[in-house]
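Here is how the chains run, residue by residue.
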Amino acid sequence: MSLKDFRLDGKVALITGGNRGIGLAVAQLFGEAGAKSVLTARRDNPEGEALLKKSGYEFDFVSADATDPKTPERLIDHTISKYGRIDILVNNAGVAQHGETPSFTDEMYEKIMTTNLTQLFRFCRAVITPMRRQGGGAILNVGSISGIVTNVPQDQVAYNASKAGVHMLTKSLANELAGDNIRVNALAPGYIETDMTDVRNTNKEWDSVWRANTPIGRYGMPEEMANCILFLCSPASSYVTGSVLVADGGYTTR
Ligand code: NAP
């Protein structure tokens, strides 16, 4: 038992959606914990990269669309050729879209499911062989409270279904890979202050309902999610697999 178990010295991580929001906070904390990271998203974010560079963390940003079926293997190969191994996969990239179901088109539904669930499955699938070869690893999938309860007042059937899928995929894979020393866990954030919830600034009704339904009474911060993700990806959680850690300010207690 040691606080050192929370560190990631010598570890190599691949973080999807690593250019902003929760993913960028994870990249910062992983850097501070001693890991080298490959970050990926469709767009680069010079401000985020400057922040990481200034801190002296070792990282590499690769622009890629996670929904392209070739992306997962390409990025995992890139991570191994850049840093020699891959110990941690953080599947964080995701999108949300609200809308009443009768007018929610096939295209909208497909976009949500492909981005939040299908590509995440492909990343998990592609990382198993290299992790097995290395003797183990940790996979962290970002789910949501939307995979546990129905958020109000907005309608978001596809998003909710995709995140419930992430949770069940996580549990199933944890069971399948436990014998390979590969742990698989999920984080279920509540309402977090990122671009994904920027409607809070314009839709005051939603903002006040979301706050009122959160016992802690405020949005979570990306850094608070990064703390949970560090725990689930570090040796400190060596006996935790198949868990969905809820970090929601108490939202799902009601
Ligand atoms: P965000 O700031 O909007 O970040 C979303 C990230 O996903 C960005 O880095 C984005 O980069 C990336 N991304 C989206 N589509 C992509 C694609 N096709 N290919 C590659 N990257 C893609 O929101 P966030 O809150 O940090 O979201 C991170 C995760 O937390 C998501 O899975 C989200 O569902 C989950 N979550 C968020 C909340 C919340 O309240 N914020 C609550 C529960 C769960 P590009 O757009 O540049 O590609």
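Above this note sits the structure.
Attention in this report is confined to the structure presented alongside it.

Rules used in this analysis
- Residue numbers here run from 1 along each chain, matching the order of that chain's written sequence.
- Given that this is a predicted model, residues contribute local features only at a pLDDT of at least 70 and side-chain atom pairs are listed and counted only at 80 or more, while totals for whole chains, interfaces and linings are drawn from all residues.
- Values reported for side chains reflect all heavy atoms of the structure, with hydrogen atoms and water molecules removed beforehand.
- Here a helix means four or more residues in a row that DSSP labels H or I, a strand means two or more in a row labelled E, and each is numbered from the N terminus.
- If DSSP finds at least two bridges between two strands, the strands pair.
- Interaxial angle, 0 to 180 degrees, is taken between N-to-C directions of lines fitted to C-alpha atoms, where a helix line uses only the stretch in contact.
- Residues count as neighbours in contact if any of their non-hydrogen atoms are within 4.5 Å of one another.
- Relative accessible area decides the class of each residue, using a 1.4 Å probe on protein chains only: under 20% of the type maximum gives buried, over 50% gives exposed, and in between gives partly exposed.
- Residue proximity to a molecule or strand is established when one non-hydrogen atom of the residue lies within 4 Å of it.
- Here a polar contact is recorded for every N or O atom pair within 3.5 Å, except that within protein the pair must consist of a potential hydrogen donor and a potential acceptor, and residues adjacent in sequence are included only if both atoms are side-chain atoms.
- Every accessible area reported is derived by Shrake-Rupley at a probe size of 1.4 Å, with residue values counting cover from the shown protein chains alone.
- Every definition here rests on a 1 Å grid over the protein atoms only: cavities are sets of points where a 1.4 Å probe fits but cannot get out, pockets are open sets enclosed by protein on both sides within 12 Å along at least five of seven lines, and lining residues have some atom within 4 Å of a point.
- More than half of a molecule's atoms within 2 Å of the grid points is what it takes for that molecule to sit in a cavity or pocket.
- Three residue categories are used. Nonpolar comprises Ala, Val, Leu, Ile, Met, Phe, Trp, Tyr, Cys and Pro, charged comprises Asp, Glu, Lys and Arg, and polar comprises the others, including Gly.

### Considering unusual backbone geometry
Residue Pro153 is bonded to the preceding Val152 through a cis peptide linkage, with omega at 5°. Residue placement: Pro153 occurs in the loop between β5 (137–142) and α5 (157–177). Here the phi dihedral of Asn181 falls at roughly 60°; this positive angle occurs in a residue that is not glycine. Looking at the secondary structure, you find Asn181 in the loop between α5 and β6 (182–189).

### Some words on the sheet that holds strand β1 (residues 12–16)
Here seven strands make up an open sheet; going across it, the order is β3-β2-β1-β4-β5-β6-β7 and the pairing parallel. In the strand order of this sheet, the two ends are held by β3 (59–63) and β7 (244–247), each with one partner. Strand-to-strand twist across the sheet, computed as the mean angle between neighbouring axes with direction ignored, equals 15°. Of the strands in this sheet, β5, β6 and β7 are in contact with α5, which crosses β6 at around 160°.

### Description of the environment of Gly137
Structurally, Gly137 is set in strand β5. For Gly137, a relative accessible area of 16% translates into the label buried. If near-sequence neighbours (up to four positions away) are discounted, Gly137 is found in contact with Asp87, Met131, Asn181, Ile182 and Arg183.

### A few points about the site of the ligand
In the region of the ligand, 30 residues are neighbours, and Asn19, Arg42, Arg43, Tyr159 and Thr194 sit closest. One of the backbone N or O atoms of Gly17 is found 3.2 Å from an oxygen atom in the ligand. Summarising the interface, the protein chains cover 97% of the accessible area of the ligand, which totals 880 Å² for the free molecule. For the ligand, the cavity whose grid points lie within 2 Å of the majority of its atoms is the largest pocket. Counting residues per element, the ones that place at least two in the shell around the ligand are α1 (21–32) and α5. Here the residues of the shell around the ligand are counted per class, giving 12 nonpolar, 12 polar and six charged.

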